[in-house]
Structure formats: structure tokens, C-alpha cells
Amino acid sequence: MLDGANVMIVAIRRRRAATIAVLAAMAMVVLDAGVVNIALPTIANSLGVSAARSIHVVSAYQLALLVGLLPCAHAAERFGYRRLFLLGVATFGGASLLCSLTPTLPLLVAARFLQGLGGAGIMSLGIPLLRLALGTDLLGKAIGWNALTVALCSAAGPAVGGLLLSELSWQWIFIVNLPIGMAAFLAGFFVPADTPTSSSIDLSSMALYASAAALLVVAADLATWWPPLAACFAMIGVACFARLVSREKPKHAPLIPFDLLAMTQFRLSVMASIFCFTAQAAGIVALTIYLQLGLGRSAASTAMVMIAWPLAVAVASTIASKAADRHPTGSLCAVGGATLAVGLGAAAFWPIDESVLPLAGCTMICGIGFGLFQVPNNRNLFLAAPPERSAAAGGMQATARLAGQTMGALLVATLLSLASATLAPRIALGMGAMFALAAGIVSMRGAFPTADIGSIQFSNRAEEGTS
């Protein structure tokens, strides 16, 4: 009996260590993004470059994430989740050190691209690793913990960045990643080892995917000021994507998970996630621009208004995680999408006088809606996928998030080129509300009535049998 108790204690400790590894790595990636955004003006002054050029520090990282998410998930199924996760943490930490040592902007941009590839390995495998370490029974809680970690770190990012920059040089915003990365790397060895499905990967397909993603993102960025070149890049990108589809669709476990997208529940959850993150990004970017450029508020005042969003997400995610065990997830997603739409719509039409407190209330409503939607929708997505395809599901979920965020940011940028800094953000907020409503409707159509795992597995098998 004692031996059995000791085995149980060891197992619990290993699960805790594995959970800490994943959540610490996610916290490192999210904090880094928030801190670097705040530090851009300081970096630009230190390196003697314009503010416009300093944006490449962020765009290179985002591009690397988009290029790396699905290939990292694809490689993980071939070489093992734990190996790719540890490689991602080591790459992110090593690139952080390089970022702190680079004396010029081009080298910093290159180091940030490498850092983004490491971040892709972490973000695409976070929830699959939690599923591997904790089991499917605790997956709902694990998704809630992950959402809570992301929300709290998103809220803390600007404050941590401001504190570091007030006392230290900008290089320290990258150096602080090293102890967190080391702790996550060491704890990562407690994640259970999994059995890879194959020993080879398709490098040609990875190259086609990376080319298509990069060309389409660059085309979208160029569309407003150099349309002919943007159209050329877009056509080449579409051609690369078409070639990729023809190569991958017949495969049993393709780079783009067509096998998972053939499942109605998974496909609609991905669509809903894209819509929701489009609404989120459009709301955050539009509100930030509206407060500073439209209303003339300071950066500090803007931060005080916007911090209500991630803090509300943290609270709502905890509630949604528990509610998803007892209530239909479709209803929770519908309520979350509707609440997010109400917050964005109120921000778009609320008359502003001297006080911006009403906007702080709107951002809090947005955060509550986003938290209520995202946890049950992610739960639907991951439970729809078979355990052996968890990495592919993680890569697709992270890609949907990044695609939505990119679409939302591009929406605001396009509107700003057509209207004033006072009118364009309000239009973007209204359009974001429509995306939020669409997310709730789509998710409700494809959600499971309950989070019962047995019915989900039966649904998967039945759909595979008819395909």
C-alpha cells in the first residue's frame, strides 16, 4: 500500500512539473510580446532608426509564428511532442540572448524571427502537451489554466515592460526570458514521452507552406500602398498554396490537417476561433488608436483603460472552465460572442465626453465575452481531434488565432487609410462586433451539446466512417 501511495505521489509531482513547464513557457512567450511592443520607441532611439523601421522587430516575430506553427505541429508528430517543445523553448531562450546582444536593427530583426520560430514550437504544442500530461479528463481545466495564464501575462506585459525600461536598458527585456526559459526547459523533462508516428517529414511541403504564408502576409501589408506588387505576391502565394493542397490532401496526416477539418465540429470551431480573434484584434487595435489619436489621451491613460480587457478575460476564463463541465458549450460560446459584440458595439457608439471610464467599462465587457467564448470553443476544438492528432489540432488552433489577429489588425489599418483617426476606429469596432456575433453563431452550430468525451469520440468515429 505504501509503495502504491509513493507511486501516486510521484505521478502527481510529475504532472505538476509538466504543467508548470508548459504554463511557464506560454507565460514567457506572451510576456515577451507585450514587453517588446512597449519597448519599440526605446529600441528605435537606441539603435538610431525611425519608429516605422522599428515595427519590423514585431512583424518579423509575427511572420515567424505564422510560418512555423503548422510545420512545428507536423514535425512534433514525427519526432515527439516533448522533443519539439524542448527545442522550441531552447530556441526561444537562445534567440532571446541573441536579441540582447545585437547592435543593429537588421540583426535584431533576424534574431526576433528565430525567436518567433521557437515561440511557434511552444504555442502549437502547449495544450497538446497538457493533454498528454494530464489526460483527456482534465483537458477542460487545462485549457482554462492556459487561458488564465495568457490573460494575466497579457495584462502584466505593459507594466513589466515599463518597469524594466524605467530602471534598465532595453536589452534586459530579452535577458529576463533566460531564467524563465531555463526553468521551463528543465521542468519539460517531466512531460511524458510520446511515441512518434513516423521518422520523416516533408521538407518540400513545409517550404511551400512557408512561402505561401509569407507571400500572402506581405501582399496584405502592401495592398493599401502598392497594389500591383501586392497582387503579384498574392497570386504567387495562392499558387504555392494550391500546390501544397495537391501534395498534402491525399496524405493520412497532412501538414495542413485536412483530416481534422473534414470533421464538422473541428472545422466550425476553427472558423469560430478566426472570427473571434478578428473581433478581438480589431477591438484592441481600434480602441488603442481611438484613445490616443482620436481622443488625444496619453499612453498611460490608454493602458489604464485597456488593462480591463485581459483582467476580465482571466476572471471569465475561470468561470467558463467550470461552466463547460455542466452546461452546453454551444450556449456558452453564444453568450460569450454576444457579450463581446455588446462591448465592441457600445465602444463604437458611446458618446465620449471628458471621462473615458465608459470605454473602460466597454473593454471589461469585451474581456468577459472573450473569456466566456474562447475556453469552451477551444475545448470543442481539442476534444474533436483524436489524441494522436493533438499536435495538429494545436497547430491549427494557434494558426486560427494568429490569422484572426492579423485580419483584425489589417481591417483597422485599411479603414485608417480611408477615414480619420476618430471615425475609422469606430467603424472597426462596429465591424468587430459583427465578427463576434458570427463567432457565436458558428460555434453554436458546431459545438457539442455537452463536454461528454464518449459522445465526442463516437461522433469522430462515425464521421470518419462516412467520409
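Reading the values: rules and limits
- Within each chain, residue numbers correspond to sequence positions counted from 1 in written order.
- Side-chain atom pairs in this predicted model are given and counted only at pLDDT of 80 or more, local residue features only at pLDDT of at least 70, and totals for whole chains, interfaces and linings cover all residues.
- With hydrogens and water stripped out, all remaining heavy atoms of the structure feed into the side-chain values.
- Where helices and strands are cited, they refer to DSSP runs of H or I of at least four residues and of E of at least two residues respectively, numbered from the N terminus.
- To estimate the expected span of a helix, subtract one from its residue number and multiply by 1.5 Å.
- Buried means the residue's accessible area, taken with a 1.4 Å probe over protein chains only, is under 20% of the maximum for its type, while exposed means over 50%, and partly exposed covers the values in between.
- Relevant arc is that of directions from the helix axis to the C-beta atoms, nothing else.
- Throughout, a contact is declared for two residues whenever any of their heavy atoms are within 4.5 Å.
- Only the contacting stretch of a helix is used when fitting its axis, a line to C-alpha atoms as for every element, and angles between N-to-C directions run 0 to 180 degrees.
- If you view the pair so one helix is near and one far, a crossing is left-handed when the near helix is turned anticlockwise from the far one by less than a right angle, and right-handed when it is turned clockwise.
- Three classes are used, and their members are as follows: Ala, Val, Leu, Ile, Met, Phe, Trp, Tyr, Cys and Pro are nonpolar, Asp, Glu, Lys and Arg are charged, and the others, Gly among them, are polar.
- A patch consists of residues whose relative accessible area exceeds 30% and which take part in no salt bridge; residues with like charges are grouped when within 9 Å of each other, and nonpolar side chains (Val, Leu, Ile, Met, Phe, Trp, Tyr) when within 5 Å.
- For every accessible area listed, the method is Shrake-Rupley and the probe measures 1.4 Å; residues are considered covered only by the protein chains on display.
- The working definition used for a salt bridge is a side-chain nitrogen of Lys or Arg within 4 Å of a carboxyl oxygen of Asp or Glu.
- Stacked, tilted and edge-to-face are the three classes assigned to paired rings of Phe, Tyr and Trp, where Trp is represented by its six-membered ring and a pair needs centres within 6.5 Å; plane angles under 30 degrees give stacked, over 60 edge-to-face, the rest tilted.
- Two thresholds decide whether a charge sits over a ring: the Lys NZ or Arg CZ must be within 6 Å of the ring centre and within 35 degrees of the ring normal.
- Residues belong to one nonpolar core when they are buried, are Ala, Val, Leu, Ile, Met, Phe, Trp, Tyr or Cys, and are joined through side-chain atoms within 4.5 Å.
- Along the chain, pLDDT gives the predictor's confidence residue by residue, from 0 to 100.
- For classification purposes, an angle smaller than 35 degrees is called roughly parallel, one larger than 145 roughly antiparallel, one from 65 to 115 roughly perpendicular, and anything else oblique.
- Any N or O atom pair separated by 3.5 Å or less is treated as a polar contact, with the protein-specific requirement of one donor-capable and one acceptor-capable atom, and with residues adjacent in sequence counted only for side-chain atom pairs.

1. Observations regarding helix α10 (residues 227-248)
Its 22 residues place the ends of α10 31 Å apart at the C-alpha level, agreeing with the 32 Å of an ideal helix rising 1.5 Å per residue. Taken residue by residue, α10 has Ala-230, Gly-237, Cys-240, Leu-244 and Glu-248 as its buried positions. Seen end-on, α10 carries its buried residues on one side only, within an arc spanning 95°. More than 90 degrees from the buried face of α10, the exposed residues found are Pro-228, Met-235 and Val-238. Where α10 is buried, its residues meet α9 (203-222) and α11 (258-261).

2. Brief notes about the packing of helix α3 (residues 56-79) against helix α5 (residues 105-134)
It is at 6 Å that the axes of α3 and α5 come closest, and there the two elements cross at 35°. The two elements α3 and α5 cross, and the hand of that crossing is right-handed. Residues that form the contact of α3 with α5 fall into these classes: 19 nonpolar, 7 polar and 1 charged.

3. Let's talk about a nonpolar patch on the surface
A contiguous nonpolar surface patch, about 220 Å² in accessible area, is contributed by Leu-152, Ile-307 and Leu-311. As for its placement among the helices and strands, Leu-152 is situated in helix α6 (residues 139-167).

4. Describing the pattern of salt bridges
Under the definition given, this model contains 1 salt bridge. Note that Arg-112 and Asp-32 form a salt bridge whose closest N and O atoms lie 2.8 Å from each other. With Arg-112 in helix α5 and Asp-32 in helix α1 (residues 2-47), this residue pair connects regions lying 80 residues apart in the sequence. Arg-112 sits in the buried class, given a relative accessible area of 1%.

5. A look at the packing of aromatic side chains
Tallying each qualifying case throughout the model produces 4 aromatic pairs. Where Phe-275 meets Phe-435, the ring centres are 6.1 Å apart and the plane angle is 45°; that geometry is what we call tilted. Here Phe-275 is found in helix α12 (residues 264-294), whereas its partner Phe-435 is found in helix α18 (residues 423-446), with 160 residues between them in sequence. Its end group placed over the ring of Tyr-61, Arg-112 keeps NZ or CZ at 4.3 Å from the ring centre.

6. Examining the nonpolar core
Nonpolar side chains in soluble globular proteins tend to be buried together. Grouped together as the largest cluster of nonpolar side chains are 41 residues, with contacts concentrated most on Phe-85, Ile-122, Leu-125 and Leu-129. Elements represented by at least two residues in this core include exactly α1, α3, α4 (81-101), α5, α8 (177-187), α9 and α17 (390-416). Contacts of Leu-125, omitting those with residues within four sequence positions, involve Ala-76, Tyr-81, Leu-84, Phe-85 and Ala-391. Residues Leu-268, Leu-359, Leu-415 and Val-442 belong to the second largest nonpolar core, which totals 40 residues.

7. Focus on the environment of Gly-330
With respect to the element layout, Gly-330 can be found in helix α15 (residues 329-349). Considering only alpha carbons, one finds Gly-330 and Asn-380, 50 residues apart in sequence, at a separation of 9.0 Å.

8. Let's talk about the environment of Ser-317
For Ser-317, the location among the structural elements is in helix α14 (residues 308-323). In this structure, the C-alpha to C-alpha distance between Ser-317 and Asn-146, residues 171 residues apart in sequence, is 9.3 Å. In contact with Ser-317, not counting residues within four places along its chain, are Ala-147, Gly-371 and Val-375.

9. Here we look at α8
Where α8 is concerned, the buried positions are Asn-177, Gly-181, Ala-184 and Ala-187. An end-on view of α8 places all buried positions within 135° of arc, on one side of the element. Turned more than 90 degrees off the buried face of α8, the exposed positions are Pro-179 and Leu-186.

10. Focus: the confidence of the model for the protein chain
Model confidence for the protein chain is summarised by a mean pLDDT of 81, while 90% of its residues fall at 70 or above. Averaged pLDDT values over the elements of the protein chain bottom out at 39 in helix α19 (residues 453-466) and peak at 92 in α4. Per-residue pLDDT stays below 50 along residues 450-467; that stretch engages in 21 contacts with residues further than four places along the chain or on separate chains.

11. Brief notes about the packing of α9 against α10
At their nearest, the axes of α9 and α10 sit 8 Å apart, and the two run at 155° to each other. Considering their axes alone, α9 and α10 lie roughly antiparallel with respect to each other. α10 is crossed by α9, and the crossing has left-handed handedness.

12. Some words on the side chain of Gln-115
Inspection of the secondary structure puts Gln-115 in helix α5. A polar side-chain atom of Gln-115 sits 2.7 Å from a polar atom in the side chain of Arg-112. Excluding residues that lie within four positions of it along the chain, Gln-115 makes contacts with Asp-32, Tyr-61, Phe-92, Ala-95, Ser-96, Cys-99, Phe-174 and Asn-177.

13. Concerning the environment of Ala-147
Residue position: Ala-147 is located in helix α6. Between the C-alpha atoms of Ala-147 and Ala-314, which are 167 residues apart in sequence, the distance is 7.1 Å. Residues in contact with Ala-147, not counting those within four places in the same chain, are Ser-317 and Val-375.

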